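So you can see what is in the structure, the chains are spelled out below.
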Amino acid sequence: MIRLAEETADDWWEVEALLDLCFAPGREALSSYRLREGVAPVAALCLVARDGEGALAGAIRNWPVRVAAAGGRRWALLLGPVAVHPTRQGEGLGAMLILRALELAREGGWSRVLLVGDLPYYRRFGFQRLAGVAMPPPTNPERILGLDLREGAWTDVTGPVLRAVD
């Protein structure tokens, strides 16, 4: 049995250790981390998955960002990182975390979500490649994906992705 809950301050060190295990300590050199520096995550959209004994099985975090689009800056949710403990992979926990976070984001009034990832995996959640949206380098443009939480939310939204506090 897996229980999803909002990440708390007490979960922080354990989630960080899981992220290091899944992505290696050098993960913070990735371009998406530049968008997270000095910005608080969206707490209600940071979830942990724990098994019946309370062991951390997975986690997901989400961050606010802006796209410097023509006509003004547009808010978006940067999904990730999402991680599942290696001993629990293949059980659908990543999908469970993503689907719940997207549901909560929609309920919370978010219109659009973006991430850097593999389209063959994220397509099943409705993500598509975002042409014209640029993450900080070095990000492969083919891996910049978006999802409308409200119909047409990504229509005509192009430009560089910026930190929420810039």
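Residues numbered from 1 in each chain as written. Predicted model: local features only at pLDDT ≥ 70, side-chain atom pairs only at ≥ 80, totals over all residues. Heavy atoms only, no water.

Q: Explain the packing of aromatic side chains to me, please; I cannot follow it from the model alone.
A: In this description, an aromatic ring pair is defined by two values, namely the gap between the centres and the angle between the planes. Tallied over the entire structure, the rule returns four aromatic pairs. Here Tyr122 and Phe125 contribute two aromatic rings whose centre-to-centre distance is 6.3 Å and whose plane-to-plane angle is 50°, an arrangement assigned as tilted. The structure contains a cluster of three or more aromatic residues connected by ring pairs, namely Tyr121, Tyr122, Phe125 and Phe127. If you follow Arg66 out to its NZ or CZ, it ends over the ring of Trp75, 5.8 Å from the centre. Between Arg112 and the ring centre of Trp154, over which it is positioned, the NZ or CZ distance is 5.8 Å. (Phe/Tyr/Trp six-rings, centres within 6.5 Å; stacked < 30°, edge-to-face > 60°. Lys NZ or Arg CZ within 6 Å of the ring centre and 35° of its normal.)

Q: What is the right way to look at the pattern of salt bridges in this model?
A: Proximity of charged atoms lets side chains of opposite charge pair with each other. Using the criterion set out here, one finds nine salt bridges in the structure. A salt bridge links Arg100 to Glu103, with the shortest nitrogen-to-oxygen separation between them at 2.8 Å. Linking Arg100 with Glu103, this pair stays in helix α3 (residues 93–107), spanning three residues, or about one helical turn. The exposure class of Arg100 is partly exposed, given its relative accessible area of 32%. For Glu103, a relative accessible area of 36% gives the class partly exposed. (Salt bridge = Lys/Arg side-chain N within 4 Å of Asp/Glu carboxyl O. Helix = DSSP H or I, 4+ residues; strand = E, 2+ residues; numbered from the N terminus. Buried < 20%, exposed > 50% of the residue type's maximum accessible area, 1.4 Å probe, protein only.)

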